Amino acid sequence: DETFLCMWGMNCNALIRGYNLSAHLHEAHGIHGQDRTLVMCKWNHCGRELNKESLCRHVEEIHMGIVYTCECGNAYSRRDTLNRHKQ
């Protein structure tokens, strides 16, 4: 897995892996609450407002550029899309 530099706000700069993103945002940046809680993406000053449940997908897809590849060679920007493809 790739390691990414956290770009949440000005002073973090922690090294994180994509699969650790949710825990990192919760522990280091206080992102918590119900899934439908509105939060603002502060990754590289993005400013987009979205539901908390969508934040990690947004950061992985838009800011980290993480790609999920199937054994057949197809690539998807979201893990849930890959899982639907596999089914």
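Up top is the structure.
Source: prediction; values computed, not measured. (Residues numbered from 1 in each chain as written. Predicted model: local features only at pLDDT ≥ 70, side-chain atom pairs only at ≥ 80, totals over all residues. Heavy atoms only, no water.)

Undergrad: So what exactly am I meant to see when it comes to the side chain of Glu60 here?
TA: By the secondary structure assignment, Glu60 is in helix H2 (residues 52–64). Of the side chains bearing the opposite charge, Arg79 lies closest to the buried Glu60, which forms no salt bridge; the N-O distance is 4.8 Å. Ignoring any residue separated from it by four or fewer positions in sequence, one finds Glu60 in contact with Gly18, Leu21, Gly65, Ile66 and Tyr68. (Helix = DSSP H or I, 4+ residues; strand = E, 2+ residues; numbered from the N terminus. Buried < 20%, exposed > 50% of the residue type's maximum accessible area, 1.4 Å probe, protein only. Lys, Arg positive; Asp, Glu negative; His and termini not counted. Salt bridge = Lys/Arg side-chain N within 4 Å of Asp/Glu carboxyl O. Contact = heavy atoms within 4.5 Å.)

Undergrad: For this particular structure, what's the right way to read the pattern of salt bridges?
TA: Any two side chains of opposite charge can pair, on the condition that their charged atoms come close. Per the stated rule, a full pass over the model turns up five salt bridges. The salt bridge involving Lys52 is made with Asp35; its shortest N-O contact spans 3.7 Å. One end of the pair, Lys52, is in helix H2; the other, Asp35, is in the loop between helix H1 (21–29) and strand E3 (38–40), with 17 residues separating them in the sequence. Salt-bridge contacts for Glu53 lead to Arg36; the nearest nitrogen and oxygen are separated by 2.8 Å. Of this pair, Glu53 sits in helix H2 while Arg36 sits in the loop between H1 and E3; the two residues are 17 residues apart in sequence, bridging distant segments of the chain. Relative accessible area serves as the criterion here: at 32%, Glu53 is assigned to the partly exposed category. When salt bridges that share partners are traced, they join Arg78, Asp80 and Arg84 into one network.

Shape descriptors only; they carry no functional weight alone.
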